[in-house]
Amino acid sequence: MEKPTYWIYSVMPMLCPKTPKTYTEDLQYICTDVWETNADADYQLPEGVSMTVDEQEEYNGIYGDIRTLVDENLAKFAVGDRPMSEWDSFVQQIHDLGIDRCIEIEQQAVDRVYNRSLD
């Protein structure tokens, strides 16, 4: 039951616990190096990036459903209520809901900022 939690924290570092005092097993201390190594800002939009009104509306319309799906399922994977054998199906659901379009919209906003800096 603990292994899915460690796996999710290893590939999704933004979820990792921030306080070692909450650790209950030695493996958590070992995983800390991986969590801290991967916990950076690579998955955050750079400062100053903003979407147009149309982009924001489209993004919110898509991402709301994705966020709900993720919120409802990550904890289930973490505690073993949903088996890790269903992980690929879960990821596919996220793609089916339009995460790739959300990434495109965010990339357009980032590109605008970078293009402005070059002018």
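What you see is a predicted model, and the numbers here were worked out from it, not measured in a lab. (Residues numbered from 1 in each chain as written. Predicted model: local features only at pLDDT ≥ 70, side-chain atom pairs only at ≥ 80, totals over all residues. Heavy atoms only, no water.)

Some details on the side chain of N73
Rules: Secondary structure elements follow DSSP: runs of H or I of four or more residues count as helices, runs of E of two or more count as strands, with numbering from the N terminus. Using a 1.4 Å probe on the protein chains alone, a residue whose accessible area is under 20% of its type maximum counts as buried, one over 50% counts as exposed, and one in between counts as partly exposed. Here a residue-residue contact requires only that any non-hydrogen atoms of the pair lie within 4.5 Å.
Counting through the fold element by element, N73 comes out in helix α3 (residues 53-79). Judged by relative accessible area, N73 falls into the buried class, the value being 8%. With near-sequence residues (within four places) excluded, N73 lies in contact with R82 and F90.

Topic: the nonpolar core
Under the convention used in this document: We define the nonpolar core as a collection of buried residues of types Ala, Val, Leu, Ile, Met, Phe, Trp, Tyr and Cys that are connected through side-chain atoms lying within 4.5 Å of one another.
If you look at the biggest cluster of nonpolar residues, it comprises 18 residues, and the most contacted ones within it are I66, V70, F90, I94 and C102. Mapped onto this core, the elements with two or more residues apiece are α3, α4 (87-97) and α5 (99-118). Counting residues per element, this core draws most heavily on α3, which supplies 7 residues. For F90, the contacting residues outside a window of four places in its chain are L69, V70, N73, L74, F77 and R82.

A short note on the side chain of E55
Here is the rule we go by: Residues adjacent in sequence count toward polar contacts only when both atoms are side-chain atoms; beyond that, a polar contact is any pair of N or O atoms within 3.5 Å, and within protein one must be able to donate a hydrogen and the other to accept it.
By the element assignment, E55 lies in helix α3. By relative accessible area, E55 is classed as buried at 9%. Side chain to side chain, E55 and R112 meet in a polar contact 2.6 Å long. Contact partners of E55, with chain neighbours within four places excluded, come to I105, Q108 and R112.

Overview of the packing of aromatic side chains
Selection criterion: What counts as a ring pair is set by centres within 6.5 Å for rings of Phe, Tyr and Trp (its six-membered ring), and what kind of pair is set by the plane angle: stacked under 30 degrees, edge-to-face over 60, tilted for all other angles.
This model, assessed by the stated rule, comprises 4 aromatic pairs. Aromatic side chains Y59 and Y63 sit 5.4 Å apart centroid to centroid with 15° between the ring planes, which places their arrangement in the stacked category. Of this pair, Y59 and Y63 both sit in helix α3, 4 residues apart, roughly one helical turn. Overall, the relative accessible area of 12% leaves Y59 in the buried class. Each ring, one from F77 and one from F90, has its centre 5.2 Å from the other, and the planes form 55°; the classification is tilted. With F77 in helix α3 and F90 in helix α4, this residue pair connects regions lying 13 residues apart in the sequence. By the burial criterion, F77 is buried, and F90 matches it. Clustering of aromatic rings is evident, with ring pairs tying together F77, W87 and F90.

What is shown is where atoms sit, not what they do.
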